[in-house]
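Chain residues, written in single-letter form:
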Amino acid sequence: MNYSNPIILEVGEEVKYNARKHWFLILVELFSLGLGLLLPVIFFIIFKNFALPFSDALANITTGHLIFFGALWFLLLWIMAFSVITDYTLDVVKITNRRIIDIDQRGFFSRNIATVHLNMVQDVTIEATGILPTLLHYGNLTIQSAGEQKEFVIKGLRNPDLVKEIIINEQGNALLK
């Protein structure tokens with residue numbers, strides 16, 4: 001089995017569109033991790049200026065100890081940033097001429113793949129709540145199906161209007177065949 005491509009297309013099936021989350025969402029996550037880089041510096045300044053002069057128990061802690069724990073904190077943030085980038089890169093919604101495939105990467109070693117055939121789709125709804133989702137054209141896409149899993153919710157999707165239009169067009173083409 002080929003593990004590099006988790007999707008095996010049926011005979012005659014072709015991918016019409018690959019939809020991803022909006023770039024703004026990853027930017028917000030990475031920015032918040034960037035703010036986390038400031039915590040060891042702030043802690044170091046507070047610790048050196050305020051805690052050490054008043055505590056004999058903390059007097060044995062050297063600058064080397066603080067640098068070591070700061071480096072561990074930076075390593076943790078680096079791993080978290082790599083996880084965010086990996087999740088963003090590997091999350092994709094593939095719309096084919098027969099089905100919708102939602103690939104959801106959950107961490108480094110976990111992936112959820114959900115599919116719904118276009119003839120099972122009953123309703124497609126988009127939701128963009130707030131100023132930023134409206135201006136930047138991203139939102140949530142909800143697909144109601146008649147299958148076992150009644151509802152698919154894809155959050156933070158880039159251009160949900162276009163994705164909805166493609167799904168409806170491909171559904172119409174699939175029903176005509």
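Further up the page is the structure itself.
Quick notes on the rules
Residues numbered from 1 in each chain as written. Predicted model: local features only at pLDDT ≥ 70, side-chain atom pairs only at ≥ 80, totals over all residues. Heavy atoms only, no water. Phe/Tyr/Trp six-rings, centres within 6.5 Å; stacked < 30°, edge-to-face > 60°. Buried < 20%, exposed > 50% of the residue type's maximum accessible area, 1.4 Å probe, protein only. Helix = DSSP H or I, 4+ residues; strand = E, 2+ residues; numbered from the N terminus. Pairing = 2+ DSSP bridges. Core = buried A, V, L, I, M, F, W, Y, C linked by side-chain atoms within 4.5 Å. Contact = heavy atoms within 4.5 Å. Axes fitted to C-alpha atoms, helices over the stretch in contact; angles between N-to-C directions.

Novice: What am I meant to see in the packing of aromatic side chains here?
Specialist: Note on aromatic pairs: each is described by the distance of the centres and the angle between the planes. Taken as a whole, this structure holds five aromatic pairs when the rule is applied. Between Trp 23 and Phe 24, the ring centres sit 6.1 Å apart and the planes meet at 85°, which makes this aromatic pair edge-to-face. Taking relative accessible area as the criterion, Phe 24 reaches 18% and is therefore assigned buried. Their ring planes at 70° and their centres at 5.3 Å tell us that Phe 68 and Phe 69 sit as a pair that is edge-to-face. Among the residues examined, Phe 68 registers a relative accessible area of 49% and is labelled partly exposed. Its relative accessible area of 52% is what places Phe 69 among the exposed residues. Connected via pairs of aromatic rings, a cluster forms that spans Trp 23, Phe 24 and Tyr 138.

Novice: Help me out: how do you make sense of the pairing of strand β2 (residues 92-96) in this one?
Specialist: Regular strands show a simple pattern: their side chains alternate between the two faces of the sheet. For β2, the tally of buried residues reaches five of five residues, placing the bulk of the element in the interior. Two strands pair when backbone bridges link them, and strand β1 (residues 15-19) and β2 are joined in this way by four bridges, in the antiparallel orientation. Bridge pairing links Ala 19 to Val 93 in β2. In this structure, β2 lies alongside strand β3 (residues 99-105), joined through four bridges in antiparallel fashion. Residue pairing in the sheet places Ile 95 in a bridge with Ile 100 of β3.

Novice: What is the right way to read the nonpolar core from this model?
Specialist: A general trend in soluble globular proteins is that nonpolar side chains are found buried together. Membership of the largest hydrophobic core comes to 17 residues, with the highest contact counts inside it found for Ile 100, Leu 141, Ile 143, Leu 157, Val 163 and Ile 167. Of all elements in the fold, only β2, β4 (111-117), β5 (121-127), β6 (138-145), β7 (151-158) and α5 (160-176) reach the threshold of two or more residues within this core. With near-sequence residues (within four places) excluded, Ile 167 lies in contact with Ile 95, Ile 100, Leu 118, Val 124, Leu 141 and Ile 143. One finds Ile 26, Leu 77, Ala 81 and Val 84 within the second-largest nonpolar core, a separate group that totals six residues.

Novice: Is there a simple way to think about unusual backbone geometry in this case?
Specialist: What you tend to see is this: most non-glycine residues have negative phi, and most peptide bonds are trans. We note that His 137 has phi near 60°; this positive angle belongs to a residue other than glycine. As for its placement among the helices and strands, His 137 is situated in the loop between α4 (131-136) and β6. The partly exposed category is assigned to His 137, whose relative accessible area is 47%. Of note in this structure, Asn 159 is not a glycine but carries a positive phi near 50°.

Novice: Looking at this model, I keep getting lost on the sheet that holds β6. Mind explaining?
Specialist: Strands belonging to one sheet form pairs held by backbone hydrogen bonds; the direction of such a pair is parallel or antiparallel. One open sheet accounts for three strands, arranged β5-β6-β7; its pairing is antiparallel. The open sheet has two edge strands, β5 and β7, and neither has a second partner. Within this sheet the neighbouring strands show an average axis-to-axis angle of 20°, counted without direction. Relative to β6, β5 runs antiparallel, the two being bridged by six bridges. Residue pairing in the sheet places Asp 123 in a bridge with Gln 144 of β6.

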